[in-house]
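Notes for the structure review
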Amino acid sequence: MPKQRRVGNLLALAVLSALAQRPMHPYEIATTLRAWGKDQDMDIKWGSFYTVIRNMDRHGLIEAVESVRAGRRPERTVYRITDEGHAEMRDWARELVSTPEPEHHRFRAGLSVLAVLPPDEVVALLRQRLSKLEETLRAGRDTLAEYQRQLPRLLLVESEYELAIQEAEAAWVRDLLAEFTAGTYPGLDQWRIFHETGELPPELTGPTERGDATQ
């Protein structure tokens, strides 16, 4: 039995999920994925779309079944998912659902260098972020409620997850803001002194190396 390939290209998984519905030509696959909002669920690089299709065909995950032509449009090749493609799709889905992996988020990167900004500016920036988060949450809840009237919950579970993550982030930002504004955040005074004098207090130097606290 061939060794399972790790999930390396989410666009390939999205293509397999579309072809699991029925055979399609590449343009129809792309249109379907956009209609499903898959480019919001996954980091899809559309510029490599046709290369991914060719590679999947070469590796036997999909196969051409016919060529069709509509009017004066170029001839298009219709693909279907193979048995190996079905097996690979399910294995990839199992890995993504069961195995947590580190994800490098822009917000975490910003938090990692938070000390370069003065506390008052950080408070203003976090309030700005919270306002945008709350606006996104309101729109997301309205959109989800509308879809729930049309679609089964199984087809909306990724949207539920996204809302839950955003709600958790908003709650964390609110709590952090409350500590900053109440003056209870540890090291806040030293942080202010650093930006007033340009001298880094010993309390803020920290160890030269540290492990990831989440590990």
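We now turn to the structure provided with this report.

About the criteria used
Residues numbered from 1 in each chain as written. Predicted model: local features only at pLDDT ≥ 70, side-chain atom pairs only at ≥ 80, totals over all residues. Heavy atoms only, no water. Helix = DSSP H or I, 4+ residues; strand = E, 2+ residues; numbered from the N terminus. Buried < 20%, exposed > 50% of the residue type's maximum accessible area, 1.4 Å probe, protein only. Contact = heavy atoms within 4.5 Å. Core = buried A, V, L, I, M, F, W, Y, C linked by side-chain atoms within 4.5 Å.

With that settled, the discussion passes to the overall build of the protein. For the protein, the helix and strand inventory stands at nine helices and two strands. Across the protein, helices and strands are ordered from the amino to the carboxyl terminus as α-α-α-α-β-β-α-α-α-α-α. The buried share among the 215 residues of the protein stands at 27%. For the protein, restricting intrachain contacts to residue pairs at least 6 apart in sequence, the fraction spanning at least 24 positions comes to 58%.

The next point concerns the nonpolar core. The biggest cluster of nonpolar side chains holds 24 residues, and the ones touching the most others in it are Val15, Leu16, Leu19, Ile29 and Met56. Elements with a contribution of two residues or more to this core: α1 (10–19), α2 (26–36), α4 (49–58), β2 (76–81) and α5 (83–98). For this core, the element with the most residues is α1, which contributes eight residues. Excluding its chain neighbours within four sequence positions, the residues that come into contact with Leu16 are Met56, Leu61, Ile62, Ile81, Gly85, Met89 and Trp92. Counting 18 residues, the second-largest nonpolar core is a separate cluster that includes Leu114, Val123, Leu144 and Leu156.

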